[in-house]
Amino acid sequence: HDLAKANADRQRLEPEPVDLVASAQSIIRQLDNQAERAGVKLKMKSDSEVWAEADARAVRQIWQNLLSNAIKYSSKGSLVSVDARAGNMTVALSVRDKGAGMSEHDLERIAQPFQQGGNAKGRAGTGLGLAVVKSFADQMKGKVIIDTAPGEGTRVRVILPKATAEDVTSIEETADVL
């Protein structure tokens, strides 16, 4: 359903400067109860702003999918690290869990929409969530990098274009005016 929606929204993504850190913090607050019930701690590592040239709703959806996956596959008492960093031309957001991890085979399967990888806990996997993330990243001229191995946990990074300083400044000036 989400993927169909992602495809329907394809025309309507509106790139603008989005602060990845603020976006993550709001999703972390939203998922806090879910994390607490699972006994998982969500930790935001970045404390400075990181501006992507991206669609705000798509970024929220990416964070939400990555974080709910990470919570779902983490064992009780473990930590999910959330981070955002700026490079020269691009920015990256990342979510890292210490969960079951995935095999090469799982990774190939989740690249196909609507297929769910199995995982070490025997629960149906993160397939759809990651397919949606990948679809949004592609639409925003970004890419998804997944580092994972069975028993090693999973780190998903989404690389996005960096917003220009001028764009960010104009947003801040507008905020002052309003």
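Each value, and the rule that gives it
- Residues numbered from 1 in each chain as written.
- Predicted model: local features only at pLDDT ≥ 70, side-chain atom pairs only at ≥ 80, totals over all residues.
- Heavy atoms only, no water.
- 1 Å grid on protein atoms, 1.4 Å probe; cavity = no way out; pocket = protein on both sides within 12 Å on 5 of 7 lines; lining within 4 Å.
- Points joined across faces, edges and corners; volume = space filled by probe spheres on them.
- pLDDT = per-residue confidence, 0-100.
- Contact = heavy atoms within 4.5 Å.
- Helix = DSSP H or I, 4+ residues; strand = E, 2+ residues; numbered from the N terminus.
- Buried < 20%, exposed > 50% of the residue type's maximum accessible area, 1.4 Å probe, protein only.
- Salt bridge = Lys/Arg side-chain N within 4 Å of Asp/Glu carboxyl O.
- Axes fitted to C-alpha atoms, helices over the stretch in contact; angles between N-to-C directions.
- Parallel < 35°, antiparallel > 145°, perpendicular 65-115°, else oblique.
- Left-handed = near helix turned anticlockwise from the far one by under 90°.
- Nonpolar A, V, L, I, M, F, W, Y, C, P; charged D, E, K, R; others polar.
- Pairing = 2+ DSSP bridges.

This part is about the layout of surface pockets. The computed volume of the largest pocket comes to approximately 170 Å³. Lining the largest pocket, in full, are K45, S81, D83, A84, R85, A92, L93, S94, R96, R155 and R157.

Residues with a pLDDT of 70 or more make up 82% of the protein chain, whose mean pLDDT is 85. Note that pLDDT drops below 50 for residues 119-126; the model gives that stretch 22 contacts with residues more than four away or on any other chain.

So, about the environment of E152. Note on placement: E152 falls in the loop between strand 6 (143-149) and strand 7 (153-161). Of the residues examined, E152 reaches a relative accessible area of 61% and is grouped as exposed. Separated by 54 residues in the primary sequence, E152 and K98 place their C-alpha atoms 6.4 Å from one another.

Another point: the pattern of salt bridges. Evaluated as defined, the whole model comprises 4 salt bridges. Of the charged contacts in the structure, one is a salt bridge between K134 and D138, with a shortest N-O distance of 3.2 Å. Taken as a pair, K134 and D138 lie in helix 5 (residues 127-139) at a separation of 4 residues, close to a single helical turn. With relative accessibility at 37%, the residue K134 sits in the partly exposed group. By relative accessible area, D138 is classed as partly exposed at 43%. Of the charged contacts, one joins D147 and R155 as a salt bridge, the two residues approaching to 3.3 Å between their closest N and O atoms. You can call R155 partly exposed: its relative accessible area is 23%.

Our focus in this paragraph is the packing of helix 2 (residues 20-38) against helix 3 (residues 56-73). It is at 9 Å that the axes of helix 2 and helix 3 come closest, and there the two elements cross at 30 degrees. It follows that helix 2 is roughly parallel to helix 3 by the angle criterion. With respect to the hand of their crossing, helix 2 and helix 3 are arranged in right-handed fashion. Contacts between helix 2 and helix 3 involve L20, S23, A24, S26, I27, I28, Q30, L31, Q34, A35 and A38 from the first element and V59, R60, W63, Q64, L67, S68 and I71 from the second. Among the residues making up the contact of helix 2 with helix 3, the classes are represented as 11 nonpolar, 6 polar and 1 charged.

The pairing of strand 6 with strand 7 spans 7 bridges and is antiparallel. The residue bridging K143 from the neighbouring strand is I159, located in strand 7. Hairpin connection from strand 6 to strand 7: 3 residues lie between these consecutive antiparallel strands, with G151 at a positive phi of about 80 degrees.

Here the focus is the sheet that holds strand 7. Strand-to-strand pairing in sheets goes through backbone hydrogen bonds, with the strands running parallel or antiparallel. Strand order in this open sheet of 5 strands is 2-4-5-7-6, and the pairing throughout is mixed. Both edges of this open sheet fall to strand 2 (41-44) and strand 6, since each of them pairs with a single strand only. On average, each strand axis in the sheet is inclined to that of its neighbour by 15 degrees, with strand direction left out of account. Relative to strand 7, strand 5 (residues 90-97) is paired through 8 bridges, and the arrangement is antiparallel. Paired with V91 across the strands is L160, a residue of strand 7. Running at roughly 170 degrees to strand 2, helix 2 makes contact with strand 2, strand 4 (79-86), strand 5 and strand 7 of the sheet. Here helix 3 sits on the sheet in contact with strand 2, strand 4, strand 5 and strand 7, set at roughly 20 degrees to strand 5.

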